Amino acid sequence: MTSTALEVRLASRPKGWPTEDNFEIAEVEIPTPGEGQILVRNVVMSVDPYMRGRMNDVKSYVPPFQVGKPLEGGAVGEVVASNAEGIAVGDNVLHGLGWREYAVLDAEHAVKVDPDVAPLGAYLGVLGMPGLTAYAGLLVTAEFKEGDTVFVSGAAGAVGQIVGQIARLKGAARVIGSAGSAEKVKYLTEELGFDAAFNYKDGPVAEQLAAAAPNGIDVYFDNVGGEHLEAAIDVLNVNGRITMCGAISQYNEAEKPAGPSNMIQILAKRLTLRGMLVGDHKALQQQFVSEVGAWIASGELKYSETVVEGGVRQAPSAFLGMLRGDNKGKMLVQF
Ligand code: NDP
């Protein structure tokens, strides 16, 4: 085994849209695991929208990344050395130290995963954090019930593609999605069984959503914020619910965006607008994996991944590509 490996560090904090210059690739000594620790060779890592927030120097639900230090995030790798009971060399583990080729971590921060049950990348996507976000955000936060009409933005992404299909499988009256290209719109309606979908870049969201939802919507699963949220408030039915999962249209805005101008409708229509964090829903993990896993096995639920080859060197461009919408389904980096 070589004695050095690469990691990606935050070189500087982006202002507005990040660029390659905000990242730095560094060569470091491969660390040695101490008592109770394991050494993992990463095989696949995730790039996620929330990482953009961690690049800012602001207090949030996760601490900011530090300039000059390696980035962090979900990854799956193979254990190559172990000083921990219960984890052996050759095991595959899910953990939080992506953005580097090798990671040393306390065994308690690693979860064993089985490549015979699902491909390793799935533990970062459909069966991982984004999948649980979709499941909990729809069923718990939005209190989805059979017969609801559901609209999800960012619908062809990691979370969105699962939200729409769970809604369909749980008996939604109508499932509507928005995404940023004609190819993604086709994917939603022709492959994932959405009833309607539109490209938000084709024209005003309010007009396209109203046309897709002649009887209004009962649930809006918001991944995007801004114009999408305002349009959804306009078409929500009385007692409608909004899951505020993300606001990716605003993550690279240097100025704080204005809120929706039609908030008064929340009162008139008795709407519920509720924020959600996936970390609050760990108790649902088993139920989520068994239900969604069964739908995948039966072919009732499909998912896409966009896999960027080339390891950590390609991670910054994969991250930037994800923010621009290059991905269909979960964006992953393969080592
Ligand atoms: P995605 O896989 O959906 O990737 C991001 C997508 O955002 C891009 O592919 C792009 O698709 C879309 N996008 C980028 N800019 C815009 C824009 N201006 N307007 C509309 N869409 C845009 O990411 P995830 O599924 O991982 O995350 C989706 C959302 O969920 C994010 O907002 C994220 O922050 C949030 N999230 C929240 C969690 C929580 O606990 N609350 C947990 C996980 C995710 P397109 O081509 O369609 O533009």
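You'll find the structure just up there.
Residues numbered from 1 in each chain as written. Predicted model: local features only at pLDDT ≥ 70, side-chain atom pairs only at ≥ 80, totals over all residues. Heavy atoms only, no water.

Enquirer: Honestly, the overall build of the chain in this entry has me stumped. Any pointers?
Expert: Along the backbone of the chain there are nine helices and 15 strands. Here the C-alpha radius of gyration of the chain, 20 Å, is about what a compact globule of 335 residues would show, namely 20 Å. For the chain, the spread of C-alpha atoms along the principal axes amounts to about 60 × 45 × 35 Å. In the chain, the proportion of contacts linking residues at least 24 apart, taken out of those at least 6 apart, comes to 68%. Element-wise, carbon and sulfur atoms account for 50% of the exposed surface of the chain, whose accessible area totals about 14900 Å². Here the chain contributes 28 positive and 40 negative side-chain charges, whose respective centroids are spaced 4 Å apart. (Helix = DSSP H or I, 4+ residues; strand = E, 2+ residues; numbered from the N terminus. Rg over C-alpha atoms; globule rule 2.2 N^0.38 Å. Contact = heavy atoms within 4.5 Å. Areas by Shrake-Rupley, 256 points an atom, 1.4 Å probe, with all protein chains shown as cover. Lys, Arg positive; Asp, Glu negative; His and termini not counted. Charge placed at Lys NZ, Arg CZ, Asp CG, Glu CD.)

Enquirer: Mind showing me how you'd approach the packing of aromatic side chains here?
Expert: Aromatic ring pairs are defined here through the distance separating the ring centres and the angle between the ring planes. Following the criterion strictly, the structure yields six aromatic pairs and no others. Consider the rings of Phe-23 and Trp-99, whose centres lie 5.9 Å apart with planes at 10°: the pair is stacked. Residue Phe-23 is located in strand S2 (residues 23–29), and its partner Trp-99 is located in the loop between strand S5 (92–95) and strand S6 (102–106); the two are separated by 76 residues in the primary sequence. This pair shows no difference in class: Phe-23 is buried, exactly as Trp-99 is. Relative to Phe-288, the ring of Tyr-135 lies with its centre 5.6 Å away and its plane at 55°, an arrangement referred to as tilted. Taken as a pair, Tyr-135 in helix H2 (residues 129–141) and Phe-288 in helix H8 (residues 285–298) lie far apart in primary sequence, 153 residues in all. Here the two residues Tyr-135 and Phe-288 agree in accessibility, since each one is buried. Three or more aromatic residues joined by ring pairs make a cluster, and in this case those are Phe-23, Trp-99 and Phe-319. Note that Lys-328 overlies the ring of Tyr-187, its terminal NZ or CZ placed 4.7 Å from the centroid. (Phe/Tyr/Trp six-rings, centres within 6.5 Å; stacked < 30°, edge-to-face > 60°. Buried < 20%, exposed > 50% of the residue type's maximum accessible area, 1.4 Å probe, protein only. Lys NZ or Arg CZ within 6 Å of the ring centre and 35° of its normal.)

Enquirer: Could you clarify how one ought to interpret helix H6 (residues 227–235) in this entry?
Expert: Given 3.6 residues per turn, any residue in an α-helix points the same way as the ones three and four places further on. Taken residue by residue, H6 has His-228, Leu-229, Ala-231, Ala-232, Ile-233 and Val-235 as its buried positions. Buried-residue contacts for H6 involve strand S8 (149–152), strand S9 (174–179), helix H5 (205–212), strand S11 (217–222), strand S12 (236–244) and helix H7 (264–268).

Enquirer: I tried to follow the packing of H2 against helix H3 (residues 160–169) on my own but got confused; where do I start?
Expert: For any two helices packed against each other, the geometry is given by the interaxial angle and the distance between the axes. Where H2 meets H3, the closest approach of the two axes is 8 Å, and the angle between their N-to-C directions is 45°. Between H2 and H3, the interaxial angle falls into the category oblique. When the axes of H2 and H3 are compared, the crossing they make is right-handed. Judged by residue contacts, Ala-134, Tyr-135, Leu-138 and Leu-139 of H2 engage Ile-162, Val-163, Ile-166 and Ala-167 from H3. Its residues assigned to classes, the contact of H2 with H3 comprises eight nonpolar, no polar and no charged. (Axes fitted to C-alpha atoms, helices over the stretch in contact; angles between N-to-C directions. Parallel < 35°, antiparallel > 145°, perpendicular 65-115°, else oblique. Left-handed = near helix turned anticlockwise from the far one by under 90°. Nonpolar A, V, L, I, M, F, W, Y, C, P; charged D, E, K, R; others polar.)

Enquirer: Explain the sheet that holds S12 here, please?
Expert: Pairing between sheet strands relies on hydrogen bonds along the backbone, with the strands arranged either parallel or antiparallel. Pairing is parallel in the open sheet, where six strands are placed in the order S10-S9-S8-S11-S12-S13. Of all the strands in the sheet, the pair left with one neighbour each is strand S10 (196–199) and strand S13 (272–275). On average, each strand axis in the sheet is tilted by 15° relative to the strand beside it, whichever way the strands run. In this structure, S12 lies alongside S13, joined through four bridges in parallel fashion. Within S13, the position partnered with Met-244 by the bridge is Gly-275. Sitting on the sheet, H5 touches S8, S9 and S10, and the angle it makes with S10 is about 165°. (Pairing = 2+ DSSP bridges.)

Enquirer: Looking at this model, I keep getting lost on the site of the ligand. Mind explaining?
Expert: Surveying the vicinity of the ligand reveals 26 residues, the closest of which are Lys-184, Tyr-200, Tyr-251, Val-278 and Asn-327. Within the backbone of Gly-180, a nitrogen or oxygen atom sits 2.8 Å from an oxygen atom of the ligand. Within the backbone of Cys-245, one N or O atom sits 3.0 Å away from a nitrogen atom of the ligand. Contact with the protein chains covers 91% of the free accessible surface of the ligand, which is 910 Å². Counting only elements with at least two residues in the shell around the ligand, the list comes to H2 and helix H9 (315–324). (Near = heavy atom within 4 Å. Polar contact = N/O pair within 3.5 Å; in protein donor to acceptor, adjacent residues only side chain to side chain.)

Enquirer: Just checking my understanding: could you explain unusual backbone geometry for this structure?
Expert: Note on backbone geometry: most residues besides glycine have negative phi, and most peptide bonds are trans. Phi is positive for Glu-143, which is not a glycine, with a value near 50°. The phi dihedral of Arg-270 falls on the positive side, at around 50°, and the residue is not glycine. One can find Arg-270 in the loop between H7 and S13.

Interpretation note: all reported values are geometric properties and have no functional meaning in isolation.
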